[in-house]
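For reference, the chains in residue letters:
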Amino acid sequence: MLTDLSKVRNIGISAHIDSGKTTLTERILYYTARIHAIHEVKGKDGVGAKMDSMELERERGITIQSAATFCQWPPGEKSKGVMPVPGTPIKAQHHINIIDTPGHVDFTIEVERSLRVLDGAIMVLCGVAGVQSQSYTVDRQMRRYKVPRIAFVNKLDRTGANPYRVRDQLRDKLKLHPVMIQMPIGLEDKLEGVIDLIEMVAFKFYGDNGETIERGPIPPELTEQAEKLRHEMLDNLSLVSDELTEAMLEDKVTPELIRKALREATIALKCTPVMCGSALGNKGVQLLLDGVCSYLPEPRDVENVALDLNKNEEPLVLESDPDKPLVMLAFKLEDGRYGQLTYVRVYQGQINKDDFVVNTRTGKKVKVGRLVRMHSDDKEEITNAGAGDICAIFGVDCNSGDTFTDGTVNLAMTSMFVPATVISVAVRPKDSGAEINMSKALNRFTKEDPTFRCHVDPESSETIISGMGELHLEVYIERMKREYKAEVITSPPQVAYRETISQKVDFNYTHKKQTGGSGQYGRVAGHAEPFDGEFEFVDEIRGGSIPREFIPSCEKGFKSMIAKSPRLGVPVVGLRVTIDDGQSHQVDSSDIAFQEAARGAFRDFFPRARPKILEPIMKLSVEGPAEYSGNILSTVMQRRGVVIGSTEEDGMCRVDAEVPLAEMFGYSTPLRSSTQGKAEFTMEFARYSEVPNNISEELLAKAAKAKQEAAKK
């Protein structure tokens with residue numbers, strides 16, 4: 001169990017897909033003696049990076065699942081020649097829990113759930129490309145969970161690298177307050193090391209893997225620039241630290257005071273320390289580890305709030321104290337050969353092997369049979385874990401987001417944000433043998449990943465899977481084939497269209513049905529209008545024209561109709577229904593009668609309210625060499641894209657646009673062919689917008705034809 005929480009750091013490593021994040025994580029594990037050989041993401045040795053343990057990750061060279069590990073810094077006796085930074089302010093050994101997250105936007109839920117339980121983060125940025133499209137998403141996620149971060153500008157040994165431009169982009173594009181605490185010694189192929197602007201010393205890195213660090217004076221040709229950047233650093237820090245401002249006025253600034261001010265401002269989200277180096281070039285990573293220990297928060301520095309279920313969900317601030325009642329959150333699930341592996345963050349109290357814990361969602365008491373600490377796909381058995389720790393438990397059936405306690409308190413942690421899916425594909429097993437395996441795979445994947453959804457369409461009886469993008473679904477289809485021997489046939493991806501109304505209409509509908517015995521009778525009247533939201537039901541019945549017990553029946557009837565629109569069979573959004581009159585019958589009125597009246601009213605008013613079809617619009621960012629900017633713009637415009645920004649810098653261009661998702665399937669092929677494979681793109685959901693008339697007519701004709709064919713069957 002972690003006893004000295006001041007020496008504990010829970011951090012995430014998040015980045016854009018090509019920032020070199022995985023390479024950086026591999027170096028961190030090497031320098032902290034967690035691994036004893038460095039393997040590249042797509043190295044010739046075929047081993048692959050430690051944190052990318054899945055076969056698909058190694059084949060594609062990308063991170064698909066977040067992976068947890070832990071390490072010690074400075075390294076202990078097992079370091080095998082890897083030395084800490086000479087003259088470092090970090091004397092005591094720190095325990096660092098790390099979660100390495102994916103960089104591709106399709107796997108954004110992995111970043112989301114990791115940041116939900118972490119205290120700090122390293123935001124990795126490419127020294128050439130700087131702030132990229134996924135950087136915006138990661139920044140939003142960090143802000144959502146109030147996670148302090150260090151920005152690490154990587155790849156400074158690449159042609160075109162410029163850390164000062166990246167610093168400016170952090171300020172101008174992400175609206176952060178970057179404080180540069182290092183500057184590089186040389187750039188591109190001349191990168192030798194970095195200068196620490198706090199101590200005003202130079203660090204150079206030698207050896208096969210940069211394990212030998214030389215601390216010395218700043219090269220004379222860089223002294224003036226270093227002095228200027230130090231002055232800028234102090235000016236920036238003085239804006240957020242009164243104590244440092246006073247010290248500057250009295251000329252009593254010390255490195256300790258700068259570090260203290262920087263730590264306090266970082267934890268308070270008032271500034272972002274900017275560090276730099278090259279992971280692949282083995283430069284600057286050890287100093288980054290020093291920065292993690294110096295500037296990112298310990299568990300007690302972060303306020304974690306739970307909801308007291310016994311007091312009407314009243315907020316309660318948890319204490320990182322092992323002697324308090326246990327509270328821990330299950331944030332990630334993995335279904336393996338030995339049963340379900342549940343990753344948990346302990347916020348308060350402690351958990352021991354063979355303890356009984358209570359799931360506050362279900363009220364069930366379960367025994368913790370095995371307690372492990374994860375190192376990618378390796379597991380280290382432990383006997384206990386305490387407040388501030390991240391570990392995993394075996395054999396406990398639960399859902400992602402469940403809270404566990406020791407039973408003495410009834411608390412629940414706040415849930416994480418889960419983005420809506422934007423793409424769907426119909427899948428069917430290739431043969432009868434694959435059917436059972438496909439079902440097992442889908443059950444597992446939907447439980448593990450909240451952004452992967454699966455349902456059976458009641459009309460077509462097709463199995464529909466939905467996700468965050470083409471790559472997201474592609475990976476799961478491939479995993480079905482490899483892990484479950486279930487080959488499936490997919491239909492073209494279906495876009496998640498919506499329907500809404502565009503004008504206010506009145507309705508007055510009577511449902512009347514007479515059969516043997518008592519009949520059904522209910523009348524509802526009111527109006528429907530466009531609404532800035534999903535759906536709202538307003539009850540304005542006065543005088544008891546509809547008895548109070550039947551008002552929920554009316555709401556239920558309307559809600560049952562918005563799940564599938566009459567024309568296209570898609571969800572209806574942006575609708576407010578107000579009922580202000582009606583009529584009931586003493587004998588024939590019932591819950592079913594008023595539900596049917598509401599459904600009939602919906603069928604009556606929906607065609608008259610000028611319904612329109614909405615389609616998902618994606619925020620698209622395409623990056624490539626400036627010489628292909630015309631070709632890139634052409635590919636965007638051909639897809640009904642609206643360009644919202646275009647920038648050119650240092651031979652590279654970026655086009656930001658909004659494009660309908662329906663036009664983006666298969667986009668990578670024409671983009672690569674028109675840019676000789678040198679451009680890449682990322683996209684994420686932006687909003688819903690009305691489809692053009694010609695496409696609306698096509699969709700309606702297609703839906704009508706499908707209904708006719710279904711009726712014939």
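Residues numbered from 1 in each chain as written. Predicted model: local features only at pLDDT ≥ 70, side-chain atom pairs only at ≥ 80, totals over all residues. Heavy atoms only, no water.

### Observations regarding helix 6 (residues 220-238)
Over its 19 residues, helix 6 runs 27 Å from end to end, which matches the ideal 27 Å to within 8%, given 1.5 Å per residue. Of all the residues in helix 6, the buried ones are Leu 222, Ala 226, Leu 229, Arg 230, Met 233, Leu 234, Leu 237 and Ser 238. In the core, the buried residues of helix 6 are packed alongside helix 5 (163-172), strand 6 (178-180), strand 7 (182-185), strand 8 (193-196), helix 7 (242-249) and helix 8 (255-267). (Helix = DSSP H or I, 4+ residues; strand = E, 2+ residues; numbered from the N terminus. Expected span 1.5 Å × (residues − 1). Buried < 20%, exposed > 50% of the residue type's maximum accessible area, 1.4 Å probe, protein only. Contact = heavy atoms within 4.5 Å.)

### Notes on the pattern of salt bridges
Under the defined criterion, the tally for this structure stands at 43 salt bridges. When the shortest N-O distance is used, the salt bridge between Glu 112 and Arg 144 registers 2.5 Å. Taken together, the positions of Glu 112 in helix 3 (residues 108-117) and Arg 144 in helix 4 (residues 133-144) put the pair 32 residues apart, joining distant regions of the chain. On the accessibility criterion, Glu 112 (2% relative accessible area) is buried. Two residues, Glu 381 and Arg 370, come together in a salt bridge whose shortest N-O distance is 2.6 Å. Residue Glu 381 is found in strand 20 (residues 378-381), and its partner Arg 370 is found in strand 19 (residues 370-375); the two are separated by 11 residues along the sequence. Take Glu 381: its relative accessible area is 44%, and that puts it in the partly exposed class. Judged by relative accessible area, which is 31%, Arg 370 ranks as partly exposed. (Salt bridge = Lys/Arg side-chain N within 4 Å of Asp/Glu carboxyl O.)

### Description of the side chain of Asp 449
Within the element layout of this structure, Asp 449 appears in the loop between helix 10 (432-448) and strand 26 (453-456). In this structure Asp 449 is buried but unpaired, with Arg 113 as the nearest side chain of opposite charge at 4.9 Å. Polar contacts involving the side chain of Asp 449 include one to the side chain of Tyr 476, which spans 2.9 Å. Those residues in contact with Asp 449, other than ones at most four positions away along the chain, are Ile 109, Arg 113, His 472 and Tyr 476. (Lys, Arg positive; Asp, Glu negative; His and termini not counted. Polar contact = N/O pair within 3.5 Å; in protein donor to acceptor, adjacent residues only side chain to side chain.)

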